[in-house]
Amino acid sequence: MSDPTMSTSQKTSSPLSSLGVPTFTPVARAILRIGAGLLFMQHGAQKLFGLFGGVDGNGATAELFSQFGVAGVLEFFGGLLFVAGLFTRSVAAVLALLMIVAYFIAHAPQGLVPILNGGELALLYACVFIFFAGSTPGAWSIDGARS
């Protein structure tokens, strides 16, 4: 249980910060957010623009109003918002849900063990997005600049 008499800075400080060592947490969050967002955008770019081999390895794109097309829109443009750190918590919640649904639609029917059904990446993205849905975006974000 937290102590209500503690200030916010006392609650969020690390043991190293009490020794005068600056915390790396905001920068680490930003690196995770930007890196994960850029990697995630590639999945959308495959589906929407046929980049990186497209959806079939030959540059094909998904139909925009198909399940794959909607996923591509969320992956690319949601990833872009995530990289920018704009509406980070809301976008992260939507993307986490997308990845959980994708896991159960595309991977779970092949077996529930992620390493065996190829779904570990979807679940890893879901974990990253869940973290940001309940956290701050870190440094270098539009959300941080607006507050």
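Scroll up to find the structure.
Since the model is a prediction, treat every value here as computed from it, not as a measurement. Residue positions within a chain follow its written sequence, with the count starting from 1. Restriction of local features to residues with pLDDT of at least 70 applies here, the model being predicted, together with a cutoff of 80 or more for giving and counting side-chain atom pairs; totals for whole chains, interfaces and linings are based on all residues. To obtain the side-chain values, all non-hydrogen atoms of the structure were included, while hydrogens and water were left out.

Enquirer: Would you take a moment to explain the overall build of the protein chain for this structure?
Expert: For the purposes of this entry, the term helix denotes a DSSP run of H or I that reaches at least four residues, the term strand denotes a run of E that reaches at least two, and both are numbered from the N terminus. In terms of regular secondary structure, the protein chain is built from seven helices and zero strands. Starting at the N terminus, the α and β elements of the protein chain follow one another as α-α-α-α-α-α-α. Each residue's exposure class comes from its accessible area (1.4 Å probe, protein chains only) as a fraction of the maximum for that residue type: buried when under 20%, exposed when over 50%, partly exposed otherwise. Evaluated residue by residue, the protein chain yields a buried proportion of 33% over its 147 residues. Expressed as a percentage of contacts within the protein chain between residues at least 6 apart in sequence, the contacts between residues at least 24 apart total 63%. In the structure as shown, the protein chain presents an accessible area of about 9,000 Å², 70% of it carried by carbon and sulfur atoms. We call two residues contacting when some pair of their heavy atoms lies within 4.5 Å. Surface accessibility follows the Shrake-Rupley procedure with a 1.4 Å probe radius. Residue values consider only the protein chains on display as shielding.

Enquirer: For this particular structure, what's the right way to read the packing of helix α3 (residues 67-84) against helix α4 (residues 88-107)?
Expert: Relative orientation and spacing of two packed helices are given, respectively, by the angle between their axes and the distance between those axes. For helices, the fitted line uses only the C-alpha atoms of the stretch in contact; every axis is such a line through C-alpha atoms, and the angle between N-to-C directions lies from 0 to 180 degrees. Interaxial distance between α3 and α4 falls to 10 Å at its minimum, and their mutual angle equals 145°. Every pair of crossing elements has a handedness; the one defined by α3 and α4 is left-handed. On α4, the residues that touch Gln 67, Ala 71, Leu 74, Glu 75, Gly 78, Gly 79, Leu 81 and Phe 82 of α3 are Thr 88, Val 91, Ala 92, Val 94, Leu 95, Leu 98, Met 99 and Ile 105. Polarity classes work like this: nonpolar for Ala, Val, Leu, Ile, Met, Phe, Trp, Tyr, Cys and Pro, charged for Asp, Glu, Lys and Arg, and polar for all others, with Gly in that last group. Classifying every residue of the contact of α3 with α4 by side-chain character gives eleven nonpolar, four polar and one charged. Each crossing is labelled by how the near helix is turned from the far one, with a counterclockwise turn of less than a right angle marking it left-handed and a clockwise turn marking it right-handed.

Enquirer: Please explain the nonpolar core as it appears in this structure.
Expert: Across soluble globular proteins, you tend to see nonpolar side chains buried next to one another. By convention a nonpolar core is built from buried Ala, Val, Leu, Ile, Met, Phe, Trp, Tyr and Cys residues, the set being connected through side-chain atoms within 4.5 Å. In terms of nonpolar packing, the biggest core is built from 18 residues, with Phe 40, Phe 82, Leu 95, Leu 98, Met 99 and Phe 129 touching the most fellow members. Those elements giving two or more residues to this core turn out to be α2 (25-49), α3, α4 and α6 (120-133). The element that contributes the greatest number of residues to this core is α4, accounting for seven residues. Residues Ala 45, Leu 48, Phe 76 and Val 83 belong to the second largest nonpolar core, which totals five residues.

Enquirer: Sorry, what's going on with the packing of aromatic side chains here?
Expert: Pairs of aromatic rings are described using the distance from one ring centre to the other and the angle between the two planes. Centre distance within 6.5 Å is the pairing criterion for rings of Phe, Tyr and Trp, where only the six-membered ring of Trp is used; planes under 30 degrees apart are then read as stacked, over 60 as edge-to-face, and the remainder as tilted. Considering all chains together, one arrives at nine aromatic pairs under this definition. On the numbers, 6.0 Å between centres and 15° between planes, the contact of Tyr 125 with Phe 129 is stacked. Linking Tyr 125 with Phe 129, this pair stays in helix α6, spanning four residues, or about one helical turn. By relative accessible area, Tyr 125 is classed as buried at 8%. Judged by centre distance (5.1 Å) and plane angle (85°), the rings of Phe 131 and Phe 132 are edge-to-face. Through a chain of ring-to-ring contacts, three or more aromatic side chains come together here, namely Phe 40, Phe 82, Tyr 125, Phe 129, Phe 131 and Phe 132. Two conditions define a charge located above a ring, namely a distance within 6 Å from the ring centre to NZ of Lys or CZ of Arg, and an angle within 35 degrees of the ring normal. Directly above the aromatic system of Phe 68 lies the positively charged group of Lys 47, at a separation of 5.0 Å from the ring centroid.

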